[in-house]
Amino acid sequence: MFYRKKKLIIEKVPVHKIARQFGTPIYCYSFNQLKRNILNFKRNFTKIRPLICFAVKANNNYRILSEIGRLGLGADVVSRGELIVALKSKIHPKKIVFSGVGKTYDEIEFAARKKIFLINAESQSEIETISKVAKKIKRSIDIGIRLNPNVDAKTIKEITTGKYSNKFGLIEKDVFKLIKQFKNSKYLNIKCLSVHIGSQITSHIPYIKMLRSLQKIISKSKYRFEYVDLGGGMGINYGKNTKLLDYKKYSKEIEKFVKKNNVKIIFEPGRSLIGNAGYLLSKIIYIKKTNKINFIILDTGMNDLMRPALYKAYHNIIPVKKNSSKISKRHEFVGPICESTDKFLSLKSYQKLSEGDNIVICDVGAYGKVLSSNYNLRKNANEILIKSSKVFKIGRKDHLQNIF
Ligand code: LLP
């Protein structure tokens, strides 16, 4: 994304033309950006040669998943719905891992019958349920055991998952117990040790601590895991000059870990692959000027993009047509929803804006559209995929039919 003659361009497409042709609000994805992110991710871990399973919860658009599958990735799913979309997108079942604390018997049976790669179990009861399913279908099931390493990921409180106060994973002592109990099971094959400590992580230190916890489990249990699933969580730069994760340091530590334990690595990244490849294009409906604030009222709201309301998450907002003016007054970009949290960004100054102008909310490719709702009975935002100078409508109606 860049400006040419003050007009915003995504790949080769001027954004104001998208607004004119397709209307707003609309999610726009850049294929090239997605591809670059995937290649970068792979490059960061070349020596490890991991199985990369895209976290479908970050973006479950069928067309996006198909592109991701074509680029060689697998999928990390957390529900029957996500599993169906991943399979429909032609992601190979042997590259699909199933995570989540609350998989039902039916979901487990469905996944097992599809012969997916791995089910990551998170509790004693779940493991027993998987075992029952295996008995029923008369086939052993490959599982991972998810460890809760009690590591603070130093990220937004709401998206940390690896502390004992979080519902995720099993505490050390229970992991040992379950390995002992099930290592010779006829129905379960403990193939993997898994972990995921949180999202939007920007330091390698929590990851190093996490590796230490995994090491302890492997060394003490003396169990031979074939895979270690390190989850996802790699943070991105939302435009606040965030210090980013040091991939080199993380990758070096993993290399040592792999050598020592002779295991294969799985990753489950979501945000780091698709986050900065998505833009939410919107139009200014009204500008309401009060003494202190210019309220910029957009045609998109928290129903389309929940992150600012839910986590006070920062998303930059940029104009589709730049000008060189600067209005030194607080600008608050808000949506039309009847909630005071329906607010995207507040800035001390902005260029001169007019009603009818288009703006773009940045970095919404991950946890954007997937968290949207019809609150206030608002229509769903459309979606398009931009590939060079081509634009494809990639709405969901068709592929989501008959999923449930
Ligand atoms: N694996 C597991 C087991 C997960 O729970 C998650 C994310 C991921 C992988 C992918 O994490 P990522 O690489 O995308 O950070 N809605 C929040 C984020 C919730 C993340 C939930 N789990 C947000 O908008 O920031």
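Calculation notes
- Residues numbered from 1 in each chain as written.
- Predicted model: local features only at pLDDT ≥ 70, side-chain atom pairs only at ≥ 80, totals over all residues.
- Heavy atoms only, no water.
- Pairing = 2+ DSSP bridges.
- Helix = DSSP H or I, 4+ residues; strand = E, 2+ residues; numbered from the N terminus.
- Axes fitted to C-alpha atoms, helices over the stretch in contact; angles between N-to-C directions.
- Parallel < 35°, antiparallel > 145°, perpendicular 65-115°, else oblique.
- Left-handed = near helix turned anticlockwise from the far one by under 90°.
- Contact = heavy atoms within 4.5 Å.
- Nonpolar A, V, L, I, M, F, W, Y, C, P; charged D, E, K, R; others polar.
- Core = buried A, V, L, I, M, F, W, Y, C linked by side-chain atoms within 4.5 Å.
- Buried < 20%, exposed > 50% of the residue type's maximum accessible area, 1.4 Å probe, protein only.
- Domains from an automatic or database assignment.
- Near = heavy atom within 4 Å.
- Polar contact = N/O pair within 3.5 Å; in protein donor to acceptor, adjacent residues only side chain to side chain.
- Areas by Shrake-Rupley, 256 points an atom, 1.4 Å probe, with all protein chains shown as cover.
- 1 Å grid on protein atoms, 1.4 Å probe; cavity = no way out; pocket = protein on both sides within 12 Å on 5 of 7 lines; lining within 4 Å.
- Sits in = over half its atoms within 2 Å of the grid points.

Draft legend 1. Quick peek at the sheet that holds strand β2 (residues 7-10). Pairing in this open sheet of three strands is antiparallel, and the strands run β1-β2-β3 from one edge to the other. Only two strands of the sheet have a single partner each, and these edge strands are β1 (2-4) and β3 (13-14). As paired elements, β1 and β2 share three bridges and run antiparallel to each other. Note on β2: the bridge partner recorded for Tyr-3 is Leu-8.

Draft legend 2. Region of the structure containing the packing of helix α5 (residues 105-113) against helix α6 (residues 124-137). Running from N to C, α5 and α6 cross one another at 50 degrees; their axes reach a closest spacing of 10 Å. Viewed along their axes, α5 and α6 adopt a mutual orientation that is oblique. Every pair of crossing elements has a handedness; the one defined by α5 and α6 is right-handed. Along its contact with α5, which presents Tyr-105, Ile-108, Glu-109, Ala-112 and Arg-113, the element α6 presents Glu-126, Thr-129, Ile-130, Lys-132, Val-133, Lys-136 and Ile-137. When grouped by side-chain class, the residues that make up the contact of α5 with α6 number six nonpolar, one polar and five charged.

Draft legend 3. Representation of the nonpolar core in the model. Leu-214, Leu-230, Tyr-250, Ile-254, Ile-265 and Phe-333 are the most contacted members of the largest nonpolar core, which has 99 residues in total. Broken down by element, this core gets its largest block of residues, six residues, from helix α8 (residues 205-221). Each of two domains, domain 1 (2-29 + 275-402) and domain 2 (100-267), supplies a minimum of three residues to this core. Excluding anything up to four places from it in sequence, Ile-265 contacts Ile-48, Pro-50, Leu-51, Val-228, Leu-230, Ile-254, Phe-257 and Val-258.

Draft legend 4. Spotlight on the site of the ligand. The local shell around the ligand holds 18 residues, among which Ser-199, Glu-268, Arg-307, Tyr-311 and Tyr-367 are the closest. Between Glu-268 and the ligand, the recorded distance is 2.6 Å, taken from a side-chain N or O atom to a nitrogen atom. Protein chains shield 91% of the accessible area of the ligand, which is 580 Å² for the free molecule. Among the detected pockets, the ligand sits in the largest pocket. Mapping the shell around the ligand onto the domain boundaries places at least three of its residues in each of domain 1 (2-29 + 275-402) and domain 2 (100-267).

Purely spatial values, then, with no claim about function.
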